Amino acid sequence: MSVLLSVIYLIATVTFIVGLKRLGHPDTAKSGNMVAAIGMGLAILGTIFIHDIKVAPFIYILIGVAIALGGIIGYLIAIKVEMTKMPELVSLFNGFGGASAALIGLVEFSKSVDDTLQATTIVSGIIIGAITFSGSLVAWGKLNGSLKSVVKLPQYNSINNIFFLAIMAIAVFMIVTGNHSPLFTYGILVGGLIYGVLFVLPIGGADMPVVISLLNSLTGIAAAITGILYDNMVMLVGGILVGSAGIILTVAMCKAMNRTLASVIFGAFGGDEAVVGSGKTQGTIKKTTASDAAIMMNYATNVIIVPGYGLAVAQAQHVIHELEEILSKKGVNVKYAVHPVAGRMPGHMNVLLAESNVDYDLLVEMDDINPQFTNTDVVLVVGANDVVNPAAHNDPSSPIYGMPILDVENAKHIVVNKRSMNAGYAGIQNELFFNSKTSMLFGDAKAALTDLVSELKNM
C-alpha cells in the first residue's frame with residue numbers, strides 16, 4: 001500500500017469518528033453525516049485509483065457504472081422515504097451490507113486460500129453476511145406489514161439452535177480440513193440465509209428496535225471481517241465503529257425494555273399471540289372532545305407531550321409542534337417526554353420531532369422527566385401505548401412487568417389520543433386508559449391535534 005493511500009485511509013478514519021461524534025446532537029447531526037460521507041467518498045476514490053493491482057481499463061468503467069447506479073438509486077429512495085418508513089429503509093440498507101460481505105466471501109473462496117486465518121475470515125464473512133441479509137429482509141417485511149409479526153414453528157428454539165450448530169460444524173470442517181468444495185461453500189451460504197429467516201421470524205414486533213440494532217451490529221462485524229481479509233484499515237475501522245455502536249445500542253434498548261438479549265431472541269415478545277394482561281376487569285373509559293381537552297391545556301401551567309408511533313403514522317409532527325408553540329405563547333411550560341424505545345427504531349421519535357423543528361432542549365429523557373409528572377397539570381399522550389402502561393409497575397403477570405416506562409399516571413390530568421382501544425405492540429391492554437384521571441380523545445392523531453390547535457387559537 002502506498003504512503004498516499006495510507007494517508008487517505010487515515011483521514012477517512014478520522015472523518016468517521018468525527019462524524020459519529022457529531023451525530024450525537026441534532027444541531028450537528030447533518031454536518032456529521034456529511035463529514036463521514038466525504039470521508040467514505042475519499043476512501044473509495046483512493047482505493048480505486050491508488051492501488052498496486054493492474055486492471056484493464058474497462059474495469060474502471062464497470063466500477064463507475066456501479067457507483068453511479070447505486071448512488072442514484074440510493075438518493076431517490078432516501079429523498080422519497082417518509083419518516084414512518086425510515087426503520088424499514090434502515091433494515092433494507094442493512095441487509096444489502098450483509099449481502100455485500102457474503103458475496104465478497106464467495107468471490108475470495110473461488111480463489112486459492114493460503115492459510116487457516118484467511119479461511120476463517122472468509123467463512124465468517126459468508127455466514128454473518130448471509131444471516132444479516134435474510135434476517136434484515138424479514139425485519140423489513142415485518143415493519144411494513146408484509147409478514148405476520150410472529151411466526152413460530154414447533155420447538156423453534158431447538159430447531160434454530162440445531163440449525164446454527166450444523167452451520168458451525170460445516171464451517172469448522174472446511175477450515176480444519178482445508179476442504180473448500182463449492183458444495184460446502186454454497187451450503188454455508190444457504191444455511192446462513194435460512195437461519196437468518198428462522199432467527200427473525202419468531203421475534204415479536206415490540207422487539208423490532210432491538211433486532212434492527214443487533215442486525216446492524218452484525219453488518220458492522222461483517223465489514224470489519226472484510227477489512228481483515230483485504231488488509232484494509234478503513235474497512236476494518238468503519239466496521240468496528242458500526243459493530244460496536246450497534247452492540248451498545250442493542251444493550252441500551254434491552255435495558256430500556258427490561259429484557260435480556262436472550263429473551264428478545266427466544267421470547268417472541270409482542271406478537272400476534274401475546275397474552276392480554278392478567279384477565280382482570282379493567283374498568284370503564286372516559287371520552288373527551290378536542291374542545292374540552294383544549295380548555296384543560298389552555299389553563300394549565302405545565303404540559304408534557306408524550307409522542308408515540310401513532311404520531312409518526314399520522315405524519316402529525318408539524319401539528320404537534322404548532323400546538324406546542326401556541327401553548328408556549330400562552331405562558332404554558334411545555335416539554336416532550338420521549339421513551340428510549342418510542343417508535344419502531346432507536347431515536348426514531350427524536351428525528352421525527354427534529355424534522356418539524358422542535359427545540360431539542362424540550363426533549364427530555366425518561367429518567368429526567370419521570371419525577372416531573374407529579375407537578376404536571378396535563379399530559380398529552382399521542383399514539384403511545386406500551387411505554388406508558390402502568391402494568392409495567394402494577395401487574396406481575398404482565399409480559400411488560402419491570403419494563404421502565406414514563407410515569408404518566410402520576411400527572412393531575414391525562415389526555416390520550418388513539419385511533420381505537422386496540423392493544424399496542426406488546427399485545428396487552430393499557431391500564432392507563434381506565435385511570436380515573438384519563439380522558440380518551442379518539443381519532444387520527446393529525447386530525448385530533450389540528451382540532452386542538454383550532455380550539456386553542458380561538459381562546
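Under an unreviewed UniProt entry, the name given to the protein chain is NAD(P) transhydrogenase subunit beta, and the organism recorded is Hyunsoonleella jejuensis. Under the heading Sequence similarities (unreviewed entry), UniProt records this for the protein chain: "Belongs to the PNT beta subunit family." As its UniProt record puts it under Catalytic activity (unreviewed entry), the protein chain is described as follows: "NAD(+) + NADPH + H(+)(in) = NADH + NADP(+) + H(+)(out)".

Visitor: What's the story with the nonpolar core in this structure? I'm lost.
Guide: Among soluble globular proteins, nonpolar side chains are generally buried collectively. Residues L311, I320, L323, L353, L380, L449 and L452 are the most contacted members of the largest nonpolar core, which totals 38 residues. At the level of secondary structure, the elements contributing two or more residues to this core comprise α11 (290–298), β1 (302–307), α12 (309–313), α13 (317–329), β2 (333–338), α14 (348–355), β4 (378–382) and α17 (445–457). Per element, the largest residue contribution to this core is six residues, and it comes from α17. Once you skip the residues sitting within four places of it in the chain, L311 turns out to touch A316, Q317, I320, M349, L352, L353, V382, G383, A445 and L449.

Visitor: Before we go on, may I ask you to explain the packing of helix α2 (residues 26–49) against helix α3 (residues 57–80) in this structure?
Guide: Angle between the axes and distance between the axes: these two values describe a pair of packed helices. Between α2 and α3, the shortest axis-to-axis distance is 11 Å and the interhelical angle comes to 165°. Relative to α3, the element α2 lies roughly antiparallel. Pair α2 / α3 crosses with right-handed handedness. Of the residues in α3, those touching α2 at I44, I48 and F49 are Y60, I63 and I67. Looking at the contact of α2 with α3 residue by residue, the class counts come to six nonpolar, no polar and no charged.

Visitor: Got a minute to help me understand the pattern of salt bridges in this structure?
Guide: Taken as a whole, this structure holds three salt bridges when the rule is applied. Two residues, K412 and D377, come together in a salt bridge whose shortest N-O distance is 3.5 Å. Here K412 is found in the loop between α16 (391–394) and β5 (413–418), whereas its partner D377 is found in the loop between α15 (366–369) and β4, with 35 residues between them in sequence.

Criteria and thresholds
- Residues numbered from 1 in each chain as written.
- Predicted model: local features only at pLDDT ≥ 70, side-chain atom pairs only at ≥ 80, totals over all residues.
- Heavy atoms only, no water.
- UniProt positions renumbered as here; feature names shortened; annotations may be inferred.
- Core = buried A, V, L, I, M, F, W, Y, C linked by side-chain atoms within 4.5 Å.
- Buried < 20%, exposed > 50% of the residue type's maximum accessible area, 1.4 Å probe, protein only.
- Helix = DSSP H or I, 4+ residues; strand = E, 2+ residues; numbered from the N terminus.
- Contact = heavy atoms within 4.5 Å.
- Axes fitted to C-alpha atoms, helices over the stretch in contact; angles between N-to-C directions.
- Parallel < 35°, antiparallel > 145°, perpendicular 65-115°, else oblique.
- Left-handed = near helix turned anticlockwise from the far one by under 90°.
- Nonpolar A, V, L, I, M, F, W, Y, C, P; charged D, E, K, R; others polar.
- Salt bridge = Lys/Arg side-chain N within 4 Å of Asp/Glu carboxyl O.

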